Amino acid sequence: MEPVIKINPGASKWDIRQKVWDYIEEKNLANFPRPVHNRIPNFKGSIQACNRLTELQQFKSSQTVKVNPDRPQQQARFVTLEAHKTLLVPTPRLRTGLFNRITPPQGASKEQLRICSSSQGVKDFSVPVGLDAKVKVDLVVVGSVAVSEKGCRIGKGEGFADMEYAMMVSMGAVNENTVVVTVVHDCQVVDIPEELMASHDLTVDFILTPTRVIETHCKLPKPQGIIWNKLDDEKLEKIPILKKLRALEEQAGKDVTMGPTSPGVETDRPKQQPKRRPRQNPPQDAEGDDRPERRVEPEQKARQQTARVRKESRGEGRGEKEKEAGNVPKGKTTMIVKEHGPQEGEAANESKFPPSVTTVYLGGIPAGLRVSELKTALREKKAAPLRLTWQGAQHRAFLDYIDPQAADQALEALQGLSLNGHNLQAEMAKSQRGGRRSGQPSKRQRPPIVSKSKIPPETKSGTEVPE
């Protein structure tokens with residue numbers, strides 16, 4: 001089968017990534033999150049591709065399977081749990097460890113297994129696995145941006161899949177016989193020159209697409225462990241578990257000499273030029289040194305303090321909304337995300353918000369849905385709110401609009417909205433529906449500014465995430 005994406009001679013890894021990302025976006029071949037650039041694409045047909053995992057004899061005979069945490073491989077995690085195999089999932093970006101073992105509730109139903117295989121389930125039903133654990137991984141499933149029929153693989157450019165595999169080699173969890181599988185869209189199968197592959201690059205043995213299974217018979221070796229001279233102190237700071245692994249290997253007498261100021265595992269990513277502000281002539285001090293003088297005028301200082309107080313007091317608005325939909329158990333986290341202020345893309349300033357807003361309730365949010373995916377869907381429906389209050393654990397969100405007319409338009413646009421196979425319910429928040437015709441919104445006054453000394457403790461429990 002001829003690749004649909006043609007790779008130009010002399011193309012770099014980054015050229016190939018960009019070509020694949022551009023093609024998927026242009027042909028609308030991906031689900032949320034979008035755009036797919038700088039991501040492992042959540043391609044359409046990923047469920048069918050992941051289901052092909054059960055056709056592999058190597059999967060049938062495996063006991064422990066490691067699957068990456070990305071959305072397009074969620075079905076691979078599900079079929080692994082459904083087959084009663086041990087599922088290991090890497091910690092996202094390796095921030096807190098290498099991987100976690102997913103432990104579903106005893107006698108879990110299919111629906112519960114689906115939740116366990118989602119990103120939220122990976123957080124809620126997992127047990128960390130330490131570097132000193134005696135683990136044997138029989139099969140590895142990874143995502144890819146591009147892959148060749150000969151087994152050459154290109155990720156999104158951050159080197160985490162390569163690093164995870166190398167770390168598993170170091171802890172004895174995998175060896176040269178461990179099967180590596182990738183799950184991609186058919187268009188992601190392209191011709192990748194073997195000379196682009198380096199010693200740290202992970203190759204694959206099987207490629208699963210929505211339409212076929214490809215055995216690569218790859219002749220290139222897989223990583224043999226951490227190549228320490230390709231890493232630097234900055235990488236160790238970003239991935240703390242590397243420090244522990246380095247200490248263990250040093251104790252074992254291995255060479256763990258770090259590189260000078262290596263950029264990390266991937267080196268083909270174009271360097272971005274830092275944005276420079278126009279230079280200004282700073283005032284000279286008495287000694288004649290050019291030292292920029294930063295002055296904070298009394299009015300500016302007062303504005304800064306007021307902004308901080310407002311930021312801390314926004315929990316009142318959250319509390320009102322929770323009461324509108326019912327009592328929320330203690331300990332649940334609310335995330336407030338400001339979509340945009342008067343100008344798109346501008347950091348929302350509290351003083352620029354209208355004195356009253358109209359709130360729409362959005363219910364039926366499926367487990368595992370990310371707030372970024374909901375925001376993307378709202379933008380595509382042209383229903384982006386002034387502010388989004390996310391309560392994913394309670395399967396709901398609240399959308400604040402500038403006036404009743406904007407809320408009416410959003411309600412109309414959100415009818416029939418379906419995400420991840422679940423139909424969402426959009427209606428006016430309960431406190432705004434009393435004594436009114438159905439669907440007729442009303443304005444809700446924004447809570448008054450509370451002085452810092454009078455903020456009750458419970459209003460500080462919300463988590464606010466700026467756009």
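Keep in mind it's a predicted model, so treat the numbers as computed, not measured. (Residues numbered from 1 in each chain as written. Predicted model: local features only at pLDDT ≥ 70, side-chain atom pairs only at ≥ 80, totals over all residues. Heavy atoms only, no water.)

K.L.:
Break down the overall build of the chain for me, citing the residues and quoting the values.
P.N.:
If you tally the helices and strands in the chain, you get 13 helices and 19 strands. Counting every position in the chain, which comprises 467 residues, the buried fraction comes to 48%. In the chain, the share of contacts with a sequence separation of at least 24, taken over all contacts with a separation of at least 6, comes to 70%. As displayed, the chain has an accessible area near 25000 Å², and 47% of this comes from carbon and sulfur atoms. (Helix = DSSP H or I, 4+ residues; strand = E, 2+ residues; numbered from the N terminus. Buried < 20%, exposed > 50% of the residue type's maximum accessible area, 1.4 Å probe, protein only. Contact = heavy atoms within 4.5 Å. Areas by Shrake-Rupley, 256 points an atom, 1.4 Å probe, with all protein chains shown as cover.)

K.L.:
Describe the side chain of Arg71, naming the residues involved and giving the relevant values.
P.N.:
Residue placement: Arg71 occurs in the loop between strand S1 (64-67) and helix H4 (74-82). From its side chain, Arg71 meets the backbone oxygen of Gly368 in a polar contact 2.9 Å long. Polar contacts involving the side chain of Arg71 include one to the side chain of Glu373, which spans 3.2 Å. (Polar contact = N/O pair within 3.5 Å; in protein donor to acceptor, adjacent residues only side chain to side chain.)

K.L.:
Please give an account of the packing of H4 against helix H5 (residues 110-117) that cites residues and values.
P.N.:
The contact between H4 and H5 brings their axes to 8 Å, and the two run at 130°. With respect to each other, H4 and H5 are oriented oblique. The hand of the H4/H5 crossing is right-handed. Along its contact with H4, which presents Gln74, Gln75, Arg77, Phe78, Leu81 and Glu82, the element H5 presents Lys110, Leu113, Arg114, Cys116 and Ser117. Of the residues in the contact of H4 with H5, the class split is four nonpolar, three polar and four charged. (Axes fitted to C-alpha atoms, helices over the stretch in contact; angles between N-to-C directions. Parallel < 35°, antiparallel > 145°, perpendicular 65-115°, else oblique. Left-handed = near helix turned anticlockwise from the far one by under 90°. Nonpolar A, V, L, I, M, F, W, Y, C, P; charged D, E, K, R; others polar.)

K.L.:
Which residues make up the nonpolar core, and what values go with them?
P.N.:
The biggest cluster of nonpolar side chains holds 36 residues, and the ones touching the most others in it are Leu98, Val137, Met167, Met168, Ile226, Trp228 and Leu242. Where this core is concerned, the elements lending two or more residues are strand S5 (139-142), helix H7 (160-170) and helix H9 (241-251). Membership of the second largest hydrophobic core comes to 25 residues, among which are Val67, Phe78, Leu81 and Val183. (Core = buried A, V, L, I, M, F, W, Y, C linked by side-chain atoms within 4.5 Å.)

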